[in-house]
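# Working through the structure, step by step
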Amino acid sequence: MTVPPQADSDGGAGSRTIPEASVARLALYLRMLGELAEQGTETVSSDELAAVTGVNPAKLRKDLSYIGSYGIRGVGYEVRALLHQLERVLGLNHRQAVALVGVGNLGHALAGYNGFGGRGFPVAALFDVDPDLVGIHINGIVVEHVSAIPEVCAAQGVTIGMIATPGPAAQGVCDLLVGSGVRCILNFAPVVLQVPDEVEVRKVDLAVELQVLAFHVARRHVAGHASASNGSAANGTGGNGRTRNGHASGVRTFPLVDGTTTSEGRA
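Residues numbered from 1 in each chain as written. Predicted model: local features only at pLDDT ≥ 70, side-chain atom pairs only at ≥ 80, totals over all residues. Heavy atoms only, no water.

## Structural notes on the overall build of the protein
Assigned secondary structure in the protein consists of nine helices and 13 strands. Looking at the protein as a whole, 32% of its 267 residues qualify as buried. When contacts within the protein are restricted to residue pairs at least 6 apart in sequence, those whose partners lie at least 24 apart make up 52%. Summed over all atoms, the accessible surface of the protein reaches about 15,200 Å², with 55% contributed by carbon and sulfur. (Helix = DSSP H or I, 4+ residues; strand = E, 2+ residues; numbered from the N terminus. Buried < 20%, exposed > 50% of the residue type's maximum accessible area, 1.4 Å probe, protein only. Contact = heavy atoms within 4.5 Å. Areas by Shrake-Rupley, 256 points an atom, 1.4 Å probe, with all protein chains shown as cover.)

As structure tokens, this is what we get:
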């Protein structure tokens, strides 16, 4: 997917499109530029900005070129100017009201997080179906029944919806949000939502993220096991596939992710 940047008055990117992966990194650059601005930093080089964001400098310069920002040779980028340019491109120069549906354990934590408002995404509406939750206040916002989504979203000018309901309820809630004019949805529910083509959905599956991390843990375990095996082989065979008496070894073993090994015979 590509995202069209907004045209700006200082020679921005105009109608160029930005790859979605670059959009995610632009948001990261924006956060770091905000921190640099708070520290009073006036300029930053591409190498310096790349280092603090963990991005390859060439990739960073390519990302910024999508928005028409190339920096000044020998000087770098003006921090505040680039900050404001990124805010315009990412649509943060105007209010983005957020509605959160589902204020159970996860939803309650999201509703109580003050960082959204500080980044330009104030939570303007909360919804649930639990009679014990409807009517309570979280961060000064009353929890409404989901049936009030159309009315409240229209009144609050909601542009982004967050869904933190159980899976079976998510699609119905999504339909209500879309019917209310919401075109961007952040989905925490463990289901794939069906939406019209013009609606953008970002799915956050914490279990999947943990599974990805588990894969990396297993891979490091395998790498450590392989290293230990190679060390033993070096001690027993001289590290070149031969035994102490100089004859070729007939079997090689390979560690698997589950900690077992497989063997390959050789003639």
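Next comes the rest of the account.
## Some points on the sheet that holds strand S7 (residues 137-138)
One open sheet accounts for seven strands, arranged S7-S8-S6-S5-S9-S10-S11; its pairing is mixed. This sheet does not close on itself; its edge strands, each paired only once, are S7 and strand S11 (200-203). In this sheet, strand S8 (residues 141-145) lies alongside strand S6 (residues 123-128) in parallel orientation, the contact comprising three bridges. Within the sheet, the bridge partner assigned to phenylalanine 127 lies in S8 and is glutamate 144. Sitting on the sheet, helix H7 (residues 149-156) is in contact with strand S5 (97-101), S6, S8 and strand S9 (158-163), with an inclination near 175° to S6. (Pairing = 2+ DSSP bridges. Axes fitted to C-alpha atoms, helices over the stretch in contact; angles between N-to-C directions.)

## Quick notes on the pattern of salt bridges
Following the criterion strictly, the structure yields five salt bridges and no others. Arginine 31 serves as the salt-bridge partner of glutamate 35, at 3.6 Å between the closest nitrogen and oxygen. One end of the pair is glutamate 35 and the other is arginine 31, both in helix H1 (residues 20-38) and four residues apart, which spans about a single turn. Given a relative accessible area of 33%, glutamate 35 falls into the partly exposed group. A salt bridge links aspartate 47 to arginine 61; the shortest N-O distance between them is 3.8 Å. Here aspartate 47, found in helix H2 (residues 46-53), pairs with arginine 61, found in helix H3 (residues 57-65); they are 14 residues apart in sequence, far enough to count as distant. Take arginine 61: its relative accessible area is 38%, and that puts it in the partly exposed class. (Salt bridge = Lys/Arg side-chain N within 4 Å of Asp/Glu carboxyl O.)

## Some details on the nonpolar core
Core analysis: the biggest nonpolar cluster contains 23 residues, and Leu33, Leu49, Leu60, Leu64, Ile67, Leu82 and Leu86 have the highest contact counts within it. If you list the elements that add at least two residues to this core, you get H1, H2, H3 and helix H4 (79-89). Looking at this core, the element that brings in the most residues is H1, giving eight residues. If you look at the next biggest cluster of nonpolar residues, it comprises 21 residues, including Cys153, Val158, Ile163 and Val199. (Core = buried A, V, L, I, M, F, W, Y, C linked by side-chain atoms within 4.5 Å.)

## A few points about the environment of glutamate 42
Take glutamate 42: it is sitting in the loop between H1 and strand S3 (43-44). By relative accessible area, which is 65% here, glutamate 42 ends up exposed. When the C-alpha positions of glutamate 42 and alanine 81 are compared, they lie 9.4 Å apart, and in sequence the two are 39 residues distant.

## Considerations on the packing of aromatic side chains
Here the structure, examined in full by the defined rule, presents one aromatic pair. Where tyrosine 113 meets phenylalanine 116, the ring centres are 4.9 Å apart and the plane angle is 90°; that geometry is what we call edge-to-face. On the basis of relative accessibility, which here comes to 46%, the residue tyrosine 113 falls in the partly exposed class. (Phe/Tyr/Trp six-rings, centres within 6.5 Å; stacked < 30°, edge-to-face > 60°.)

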